[in-house]
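Listed below, chain by chain, are the residues.
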Amino acid sequence: MQAWLEVPTTELLDEVSDGIVAEYTALRQIEKAVADGEFGAAGPLSAKERDGYRALLQFLGTGEASCIACAQSRGGTVVTDGRAARNACAERSVVMTGSIGILKACSLDGTLVPQEADEGLQAMMDAGFYAPVSR
């Protein structure tokens, strides 16, 4: 699972494009959401953010590293299920959540009814996602 900042970084959007080229066509929804203004874009990393980004590249991919560096500097939230990225967030006191947190938030705010969230979680688990909860 890729890291995701409240507004995606350029590096993350490049990873989304790579996924689309690799025929993960559902990722087109992310590009569309950015193009339609449903999500903004973080824009270029500052010089300070690039320093943090380079340090994170030693053990994370470009999307994860850029999101964490940006969130640390700008006070954002990173969404990731990757253990290494979650550890990097914790070490840097960067607010984070994961897929389960997103499903829970969607249930709480009414975006999804609990049954829809459970069905989404089940579909993720059927596709190989490890979840520490069953609903």
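Heads up: these notes are all about the structure in this document. (Residues numbered from 1 in each chain as written. Predicted model: local features only at pLDDT ≥ 70, side-chain atom pairs only at ≥ 80, totals over all residues. Heavy atoms only, no water.)

**A look at helix H7 (residues 114–126)**
Then, number 1: Helix length check: H7, at 13 residues, gives a terminal C-alpha distance of 18 Å against a target of 18 Å (1.5 Å per residue), a fit within 8%.
Then, number 2: Looking one or two places after H7, you find Gly-128, whose phi comes out positive at around 110°. (Helix = DSSP H or I, 4+ residues; strand = E, 2+ residues; numbered from the N terminus. Expected span 1.5 Å × (residues − 1).)

**Here we look at the environment of Glu-91**
Then, number 1: Here Glu-91 lies in helix H5 (residues 83–91).
Then, number 2: Within polar-contact distance, the side chain of Glu-91 engages the side chain of Arg-92 at 3.4 Å. (Polar contact = N/O pair within 3.5 Å; in protein donor to acceptor, adjacent residues only side chain to side chain.)

**With respect to the state of the cysteines**
Then, number 1: Summed over the entire model, instances satisfying the criterion amount to zero disulfides.
Then, number 2: Summary of cysteine pairing: Cys-70 is not part of a disulfide, and the nearest cysteine sulfur, belonging to Cys-67, is at 7.3 Å.
Then, number 3: Note on Cys-70: relative accessible area 1%, which makes it buried.
Then, number 4: Unpaired in terms of disulfides, Cys-89 finds its nearest cysteine sulfur in Cys-67, a separation of 9.1 Å.
Then, number 5: Residue classification places Cys-89 among the buried residues on the basis of a relative accessible area of 0%. (Disulfide = S-S within 2.5 Å. Buried < 20%, exposed > 50% of the residue type's maximum accessible area, 1.4 Å probe, protein only.)

Coordinates in, geometry out; function isn't part of it.
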